[in-house]
Amino acid sequence: FLESLMSPEVDYTVAITVFWAIEAVYQESFAHCLEPDTNTPPELQEVCQRWGNDGFGQYCHSLKKIANRLLEKASDDLIMGKAGDDVLKKAEVELIRVLEHEVEFWNMSRGTA
């Protein structure tokens with residue numbers, strides 16, 4: 001899936017949207033493990049701190065702002081009669097694919113795949 005996004009034909013807006021989604025899922029998942037009363041095993045605390053910390057969360061927020069700005073531009077282009085619809089549709093399709101892959105991964109890690 002990720003290799004398919006490395007093609008020169010893939011619009012940057014699509015790629016950055018996918019990248020943000022992947023990073024955000026990990027950050028939010030690991031941040032959840034840091035919340036009180038989650039019973040996160042001690043051996044996972046370091047990993048949770050690395051990927052669930054506020055600094056990584058701010059990085060993900062920056063990616064989200066970039067993706068949103070590019071998606072808004074594509075939407076504005078569509079309204080103005082320029083290209084944009086194709087980018088928006090592709091971004092949506094790939095975002096859904098990310099979420100499907102993430103659900104599969106997290107289900108697999110819980111043994112429910």
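Residues numbered from 1 in each chain as written. Predicted model: local features only at pLDDT ≥ 70, side-chain atom pairs only at ≥ 80, totals over all residues. Heavy atoms only, no water.

- An unreviewed UniProt entry annotates the protein chain as Thiaminase-2/PQQC domain-containing protein of Citrus sinensis.

Regarding unusual backbone geometry
- At Asp37, a position not held by glycine, the phi torsion is positive, near 65°.
- Within the fold, Asp37 resides in the loop between α1 (12–33) and α2 (45–52).
- Its relative accessible area of 76% is what places Asp37 among the exposed residues.
- Residue Asn39 is not a glycine yet carries a positive backbone phi of 60°.
- Mapped onto the elements of the fold, Asn39 is located in the loop between α1 and α2. (Helix = DSSP H or I, 4+ residues; strand = E, 2+ residues; numbered from the N terminus. Buried < 20%, exposed > 50% of the residue type's maximum accessible area, 1.4 Å probe, protein only.)

Observations concerning the side chain of Thr40
- Tracing the backbone through its elements, the reader meets Thr40 in the loop between α1 and α2.
- Accessibility expressed as a relative area gives 15% for Thr40, which makes it buried.
- Among the polar contacts made by the side chain of Thr40, one reaches the main-chain carbonyl oxygen of Cys33 at a distance of 2.6 Å.
- Those residues within four positions of Thr40 in sequence are excluded, and the remaining contacts are Cys33, Gln45 and Cys48. (Polar contact = N/O pair within 3.5 Å; in protein donor to acceptor, adjacent residues only side chain to side chain. Contact = heavy atoms within 4.5 Å.)

A few points about the packing of aromatic side chains
- Going through the model one piece at a time under the given rule, you end up with four aromatic pairs.
- Aromatic pair Trp51 and Phe56: ring centres 5.2 Å apart, planes at 75°, arrangement edge-to-face. (Phe/Tyr/Trp six-rings, centres within 6.5 Å; stacked < 30°, edge-to-face > 60°.)

Considering the nonpolar core
- Grouped together as the largest cluster of nonpolar side chains are five residues: Leu5, Val18, Ala21, Ile22 and Val98.
- The greatest single-element share of this core, amounting to three residues, is contributed by α1.
- Leave out the neighbours within four places in its chain, and Ile22 touches Leu2, Val98 and Glu102. (Core = buried A, V, L, I, M, F, W, Y, C linked by side-chain atoms within 4.5 Å.)

Examining the side chain of Thr13
- Position of Thr13 among the secondary structure elements: in helix α1.
- A relative accessible area of 8% means that Thr13 is categorised as buried.

A short note on the packing of α1 against helix α3 (residues 54–79)
- Where α1 meets α3, the axes come as close as 9 Å, and the angle between the chain directions of the two elements is 150°. Between α1 and α3, the angle falls in the class roughly antiparallel. The two elements α1 and α3 cross, and the hand of that crossing is left-handed. On α3, the residues that touch Tyr12, Thr13, Ile16, Thr17, Phe19, Trp20, Glu23, Ala24 and Gln27 of α1 are Phe56, Gly57, Tyr59, Cys60, Leu63, Lys64, Ile66, Ala67, Leu70 and Leu71.
- Of the residues belonging to the contact of α1 with α3, the class tally is 13 nonpolar, four polar and two charged. (Axes fitted to C-alpha atoms, helices over the stretch in contact; angles between N-to-C directions. Parallel < 35°, antiparallel > 145°, perpendicular 65-115°, else oblique. Left-handed = near helix turned anticlockwise from the far one by under 90°. Nonpolar A, V, L, I, M, F, W, Y, C, P; charged D, E, K, R; others polar.)

Section: α1
- In this model α1 runs 32 Å from its N-terminal to its C-terminal C-alpha over 22 residues, within 8% of the 32 Å that 1.5 Å per residue would give.
- Looking only at α1, the buried set comprises Thr13, Val14, Ile16, Thr17, Val18, Ala21, Ile22, Glu23, Ala24, Val25, Gln27 and Phe30.
- A side-chain oxygen of the first residue of α1 lies 2.8 Å from the backbone nitrogen of Thr13; this N-cap is Asp11. (Expected span 1.5 Å × (residues − 1).)

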